[in-house]
Amino acid sequence: MAKYEIHGGTPLSGTVTISGAKNAAVAILPAALLVKGTCRIENVPDISDVRILLDILEGVGAKVSRPEPGVVEIDSSGPINTSPDEHLVKQMRASYYLMGALLGRFGKAHVALPGGCNFASRPIDQHIKGFEMLGADVIYTDAYVDLKPSEFGLQGNRINLDVVSVGATINIMIAASLIPGQTIIGNAAKEPHIVDLANFLNTMGARIYGAGTDTVKIRGVNALKGGTYAIIPDQIEAGTYLAAVAATGGNVLVQNVIPKHMECITTKLQEMGARIINYDDSIRIQSNGHLRYTTVKTRPYPGFPTDMQAQICVCMSRAAGFSRLTESVYETRFFGYCTELQSMGANIQINGKTATVIGVEKLYGATVEAHDLRAGAALVIAGLVAEGTTIVENVHFIERGYENLVDKFTGLGASIRRLED
């Protein structure tokens, strides 16, 4: 198994370029199955989740090519198998978007339950509710989901989500794009990658309105055509580098970002003492590494993202005073990485959904284990801050969502390398 060796204590400086958004890519790539033609998708991150998805798409019959770095072409005009490879599907969470894509275009799907990071119970009941409201008969077991039209057929409908769910919003949007009639999603999630998916589908001929608000309307069309689309920059990758600079100190220009998407993160880093300068498509962060305490509660967008919870916790561990971090999306997300940070000298006390983080003067190098994608990124930041050498194990989790992380941090002056056992 691969691991990272990090020698901490060096401020970061230079320029880092952010890749395409993981959370947008893993929705847009399955959605390409809706298109009877070729989609050219640009700014695609080269990460393991994307590679697995492309293998799944090839496995069901799509023609997939990579004509140049960062570009993927998908032709789904030929015969498509509506039962994707079970082994591949189980390797990642976002494979559940295949359900919406296959149901929408072919009226049926048989998809194994997804895998991915196991930091919380993440049911798909809102996805199932949406499919049923669209007229699907659903068989849902502990191993797979089977979808087919009910006796009344598939038809647009009003679907009010019981909780704000990014995954359900996306899956319903994908399916409804080719289902007759109008579908209205109430209490919809508003994350930037939902808007990006809607823009992709509309570029291919869909009729989706209101993405980015809590009410999304989809008017089903007969077919989608091929076209070209570029994925937005990755909000969470950018936030991870910003948090790293805030914690270690330094002066870094983070480019290929949408500053508006970053405000929920940059405002907190400013509160903690970092200097933020926004440009049209980049952000400069300057920090002396001496941070102030703050309070953070994760919320759906435009609130502070749950995917940045672990990274901001590392910043809090070095901030003067008592910080408070409350997780309102995935209540068990603290467990695992907080124990690893404590082994490095962090003072973190967990009480239910809230962690109290008391800033310490130093973190110390240790051998730690990544338990999920974002927790792993946080441990990398901790290693960059810590005195001595840190070994981060299970880095396959990190590489699910970060493209060229070692090279990018090395380019900023960090001492980090990837080792193979």
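Heads up: these notes are all about the structure in this document. (Residues numbered from 1 in each chain as written. Predicted model: local features only at pLDDT ≥ 70, side-chain atom pairs only at ≥ 80, totals over all residues. Heavy atoms only, no water.)

What follows covers the sheet that holds strand E2 (residues 12-17). Ordered by their spatial adjacency, four strands build an open sheet running E2-E14-E16-E15, and the pairing between neighbours is mixed. Across the chains shown, the open sheet's two edge strands, defined by having one partner strand only, are E2 and strand E15 (275-278). On average, each strand axis in the sheet is inclined to that of its neighbour by 10°, with strand direction left out of account. Its contacts with the sheet put helix H9 (residues 259-271) on E15 and strand E16 (282-287), and the angle it makes with E16 is roughly 10°. (Pairing = 2+ DSSP bridges. Helix = DSSP H or I, 4+ residues; strand = E, 2+ residues; numbered from the N terminus. Axes fitted to C-alpha atoms, helices over the stretch in contact; angles between N-to-C directions. Contact = heavy atoms within 4.5 Å.)

Tracing the sequence through the fold places Arg 318 in the loop between helix H10 (309-317) and strand E19 (319-320). Salt bridges are absent for the buried Arg 318, whose nearest opposite-charge side chain, Glu 361, sits at 7.5 Å. At 3.1 Å, the side chain of Arg 318 forms a polar contact with the backbone oxygen of Val 360. (Buried < 20%, exposed > 50% of the residue type's maximum accessible area, 1.4 Å probe, protein only. Lys, Arg positive; Asp, Glu negative; His and termini not counted. Salt bridge = Lys/Arg side-chain N within 4 Å of Asp/Glu carboxyl O. Polar contact = N/O pair within 3.5 Å; in protein donor to acceptor, adjacent residues only side chain to side chain.)

A separate point is the sheet that holds strand E8 (residues 144-149). Taken in spatial order, the three strands of this open sheet run E6-E8-E7, and their pairing is antiparallel. Looking at strand neighbours, the two that pair on one side only are strand E6 (109-112) and strand E7 (136-140), the edges of this open sheet. Sheet twist, expressed as the average angle between the axes of neighbouring strands with direction ignored, equals 15°. Strand direction decides the pairing type here: E6 and E8, joined by four bridges, are antiparallel.

So, on to the pattern of salt bridges. Summed over the entire model, instances satisfying the criterion amount to 18 salt bridges. Between Glu 237 and Lys 408 there is a salt bridge whose closest N-O contact spans 2.7 Å. Remark: Lys 408 occurs in helix H13 (residues 405-411) and Glu 237 occurs in helix H8 (residues 235-248); sequence separation between them is 171 residues. Per residue, the accessibility class of Glu 237 equals that of Lys 408, and both read buried. Via salt bridges that share partners, Arg 40, Glu 42, Glu 68 and Glu 73 belong to a single interconnected network.

The residue Arg 299 is located in the loop between strand E18 (295-297) and H10 in this model. With relative accessibility at 46%, the residue Arg 299 sits in the partly exposed group. Taking the C-alpha atoms as reference points, Arg 299 and Ser 165, 134 residues apart in sequence, are found 11 Å from one another. Beyond its immediate sequence surroundings of up to four residues, Arg 299 is in contact with Phe 304, Pro 305, Ser 328 and Val 329.

Where burial is concerned, most of strand E10 (residues 182-186) is hidden: four out of the five residues are buried. Bridge count between strand E9 (residues 158-160) and E10: three bridges; the pairing is parallel. For Asn 160, the partnering residue across the bridge sits in E10 and is Gly 186. Pairing between E10 and strand E12 (residues 215-219): five bridges, direction antiparallel. Looking at the pairing, Gly 186 lines up with Thr 215 of E12.

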